[in-house]
Amino acid sequence: MTKQVAAIIVAGGRGSRLASSDDDRPKQYRTLAGRPVLTYTLEQFLDHPAISKVLVVRHADDLQLYDNAIADLKVPATDRLLTSVEGGATRQASVYAGLNALQYSECGVVLIHDAARPFVTHDAITAVIERLQQGAKAVLSAIPVVDTLKRANADTHSLSTVDRKGLWAAQTPQGFDLKTIWEAHQQALQSGRTDSTDDTAVAEWAGHQIELADGNADNFKITSPADLERARKIMEMTNQIEPPRPLAGSHALAGLGDVRMGTGYDVHAFDTGDAVILGGISIPHDRKLKGHSDADVVLHAITDAVLGAIGDGDIGTHFPPSDPKWKGAASDQFLHDAIRRVEDKGGRIAHIDATIICELPKIGPHRERMRQAIADICALPVSRVSVKATTSERLGFTGRKEGIASIAAVTVRLPF
Ligand SMILES: Nc1ccn([C@@H]2O[C@H](COP(=O)(O)OP(=O)(O)OP(=O)(O)O)[C@@H](O)[C@H]2O)c(=O)n1
Ligand SMILES: C[C@](O)(CO)[C@H](O)COP(=O)(O)O
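Predicted, not measured: the structure shown is a model, and the values here were computed from it. Position numbers for residues count from 1 along each chain, tracking the sequence in the order it is written. The order in which chains are written sets their letters, starting at A; the order in which ligands are written sets their numbers, starting at 1. In keeping with the predicted nature of the model, local features appear solely for residues at pLDDT of at least 70, side-chain atom pairs appear and are counted solely at 80 or more, and the whole-chain, interface and lining totals rest on all residues.

A few points about the UniProt feature "site: Transition state stabilizer" (unreviewed entry) in the protein chain
UniProt positions are given in the numbering used here, feature names are shortened, and annotations may be inferred rather than shown by experiment. In this numbering, the UniProt entry assigns the feature "site: Transition state stabilizer" (unreviewed entry) to R17, K27, H292 and T391. The helix count covers DSSP runs of H or I at least four residues long, the strand count covers runs of E at least two residues long, and both are numbered beginning at the N terminus. Here R17 lies in the loop between β1 (5-11) and β2 (31-32). Each residue is represented by a C-beta atom placed from its backbone, and any two residues with such atoms within 7 Å are regarded as in contact. When residues no more than four places from it in sequence are discounted, the contact partners of R17 are T223 and S224. Relative to the helices and strands, K27 resides in the loop between β1 and β2. We call a residue exposed when 12 or fewer other C-beta atoms sit within 10 Å of its C-beta, buried when the count reaches 20 or more, and partly exposed for counts in between; the C-beta positions come from the backbone. Looking at K27, the number of C-beta atoms within 10 Å reads 28, which means it is buried. Contacts of K27, omitting those with residues within four sequence positions, involve G15, L18, V37, A116, I222 and L228.

Things to note about the pairing of strand β8 (residues 149-152)
Relative to strand β9 (residues 158-162), β8 is paired through 4 bridges, and the arrangement is antiparallel. Looking at β9, one finds that L149 is bridged to V162. Strands are labelled as partners when DSSP assigns at least two bridges between them. The turn linking β8 back onto β9 is made up of 5 residues, and T156 within it adopts a positive phi angle of 60°.

Comments concerning the environment of T272
Examined against the element boundaries, T272 turns out to sit in strand β12 (residues 258-272). Overall, T272 belongs to the exposed group, with 8 C-beta atoms counted inside 10 Å. For T272 and R287, which are 15 residues apart along the polypeptide, the C-alpha to C-alpha distance reads 5.0 Å.

Some words on the site of ligand 1
Placing a C-beta atom from the backbone of each residue, we mark the residue near a molecule or strand if the atom is within 6 Å of it. Near ligand 1 lie 22 residues; those nearest to it are G12, G13, S16, R17 and S94. Listing elements by their share of the shell around ligand 1, those giving two or more residues are β1 and α3 (91-102). Under this grouping Gly is polar, as are all residues other than the nonpolar Ala, Val, Leu, Ile, Met, Phe, Trp, Tyr, Cys and Pro and the charged Asp, Glu, Lys and Arg. Split by residue class, the shell around ligand 1 holds 7 nonpolar, 10 polar and 5 charged.

Considerations on the sheet that holds strand β16 (residues 348-357)
Strand order in the open sheet made by the 5 strands is β15-β12-β18-β16-β17, with mixed pairing throughout. At either end of the open sheet lies a strand with only one pairing partner, and these are β15 (287-289) and β17 (385-390). Direction aside, neighbouring strands of the sheet carry axes that sit 20° apart on average. The sheet contact formed by β12 and β15 spans 3 bridges and is antiparallel. The residue of β15 that forms the bridge with D271 is K288. Helix axes use the C-alpha atoms of the stretch in contact, all axes being lines fitted to C-alpha atoms, and the angles between their N-to-C directions lie in the range 0 to 180 degrees.

What about helix α12 (residues 367-378)?
An expected span of 1.5 Å times one less than the residue number is assigned to each helix. Over its 12 residues, α12 runs 16 Å from end to end, which matches the ideal 16 Å to within 8%, given 1.5 Å per residue. Counting buried positions along α12 gives 9 out of 12 residues, so the element sits mostly inside the fold. Within the sequence span of α12, burial applies to M370, R371, Q372, A373, I374, A375, D376, I377 and C378.

Description of the site of ligand 2
Taken together, the residues surrounding ligand 2 are R91, D114, A170, Q171, T172, T197, D198, K221 and T223. No other element matches the 3 residues that strand β10 (residues 168-177) contributes to the shell around ligand 2. Residues belonging to the shell around ligand 2 are distributed by class as follows: 1 nonpolar, 4 polar and 4 charged.

Things to note about the nonpolar core
By definition, a nonpolar core groups buried Ala, Val, Leu, Ile, Met, Phe, Trp, Tyr and Cys residues that connect through C-beta atoms lying within 7 Å of each other. Ranked by internal contacts, the top residues of the largest apolar core, which has 102 residues, are I8, I9, I302, V306, I349 and C378. No other element matches helix α9 (residues 297-309), which puts 9 residues into this core. Domain limits in this description derive from either an automatic procedure or a database domain assignment. Residue contributions to this core reach at least three from each of two domains, namely domain 1 (5-238) and domain 2 (257-414). Discounting chain neighbours no more than four positions away, the residues touching V306 are G262, A338, I339, V342, I349, V410 and V412.

Describing unusual backbone geometry
Excluding glycine, residues mostly carry a negative phi; peptide bonds, for their part, are mostly trans. The omega torsion of the bond from T172 to P173 falls at 15°, within 30 degrees of zero and hence cis. Tracing the chain through its elements places P173 in strand β10. For the bond from L360 to P361, the omega torsion is 0°, close enough to zero to count as cis. Here P361 lies in the loop between β16 and α12. Despite not being glycine, A295 has its phi angle at roughly 65°, a positive value. Its place among the elements puts A295 in the loop between β15 and α9. Residue class for A295 comes out buried when judged on the 24 C-beta atoms lying within 10 Å of it. The backbone phi angle of K401 is positive, close to 60°, even though this residue is not glycine.

As for the packing of α3 against helix α5 (residues 178-190)
Their axes nearest at 10 Å, the elements α3 and α5 cross at an angle of 130°. In terms of their interaxial angle, α3 and α5 are classed as oblique. Crossing handedness for the pair α3 and α5: left-handed. Each of V95, Y96, L99 and L102 in α3 lies in contact with α5, whose residues at this interface are L178, I181, W182, H185 and L189. In terms of residue class, the contact of α3 with α5 is built from 8 nonpolar, 1 polar and no charged. Note on terminology: angles under 35 degrees are roughly parallel, angles over 145 are roughly antiparallel, angles of 65 to 115 are roughly perpendicular, and the others are oblique. By definition, any crossing whose near helix is turned counterclockwise from its far helix by less than a right angle is left-handed, and any crossing with a clockwise turn is right-handed.

Focus: the sheet that holds β10
One open sheet accounts for 7 strands, arranged β5-β4-β1-β6-β10-β7-β11; its pairing is mixed. Because the sheet does not close on itself, it has two edges, and the strands there are β5 (85-86) and β11 (211-214). By the bridge criterion, 6 bridges tie strand β7 (residues 138-144) to β10 in an arrangement that is antiparallel. Note on β10: the bridge partner recorded for P144 is W168. Against the sheet, helix α1 (residues 37-46) makes contact with β1, β4 (51-58) and β6 (109-114), and its axis sits at roughly 175° relative to β1, the strand it touches most. Against the sheet, α3 engages β1, β4, β5 and β6, with an angle of about 145° to β1.

Right under this line is the structure:
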């Protein structure tokens, strides 16, 4: 009999090996081409027709980040996405929290997957499910080790070669009969075994046989800063806008699509505070910008430029300042909404050029981070985002340091 399949996505870690001073979000909430890692991971499971329930285990402090990740889903979550549960101090504890939450579901088998593996494929998921439906109690998605392996001492002098024959690199998803893995985790905990780095280790320890299913090298886990960079490049390439065809004769415009240009302008006054939000990042300053939302004057100008390109009103039309809902709101959601309006018309943003007009703070030291933040929000390669800054030679309100202005130009390609 075919058993109902649940998936647990463990997203309760802190990503300490990827810690960075300018972004305190755990790795599963960092963005790849504008959307959180967790969002991509979840989509793979929500999109798989054989999976009935998906449960995310998250850290107690991450509720807002989790909600943002769900808001970015492009596949319907419906009632298949269960209410998230809080994890524990180790991966093993987080998985156990997820298994406990599934005890009263109707699912007979469960896949356990790292949120930090967003490139998991439909085929890798199917391979694990098929073996479980054929009766396996524990299935590991894995790839054979292809590099020559060395064992080295602490000062990294190579000591010996390890025979790689029969060695596999464990990935996720790992699939189990739900009762079997739940009991194995319970026994492990009762015996004080709390440091297993994966669930097949828990099942092995409890005496169960593990079967292998085909994983793939692309399903790497984002662990280090280099992994995050690699993931960003892959996702940016996947989302890459086709380069415009070279202009040639009368068909040139057909190759480019319906190219539109929009401009935006915004101003916010200074208020007492200690940081300004500009282009999606926070910059320490001796004032803040006053506004109904977070007063990110750059994202507001870009949002208006996007809306201008498609002739769809302006930021105030869609997000009236009179609506208390937008009080203190992060402005990336305004831009996300404008981009969705472009995508609903089958279009794409091709290029963004923003200028910030202020005497202070100095923009130069923050420019690259701002470009990256805007590129992330818009799912664009950073090469398609420009941020410039100028003073107004001490003239006018920006010159008197009363506020900051920003103008933006955005190019959009729509289908004919
Ligand atoms: N207490 C924990 C620890 C880890 N995980 C999850 O388990 C997966 C794989 O673990 P790992 O890569 O070790 O993640 P972190 O523990 O976050 O990373 P680090 O060890 O660098 O802190 C990740 O999706 C992570 O969010 C979890 O749910 N709860
Ligand atoms: C579960 C896992 O992803 C399999 O490769 C891995 O063991 C996670 O733990 P780690 O702490 O990152 O080694």
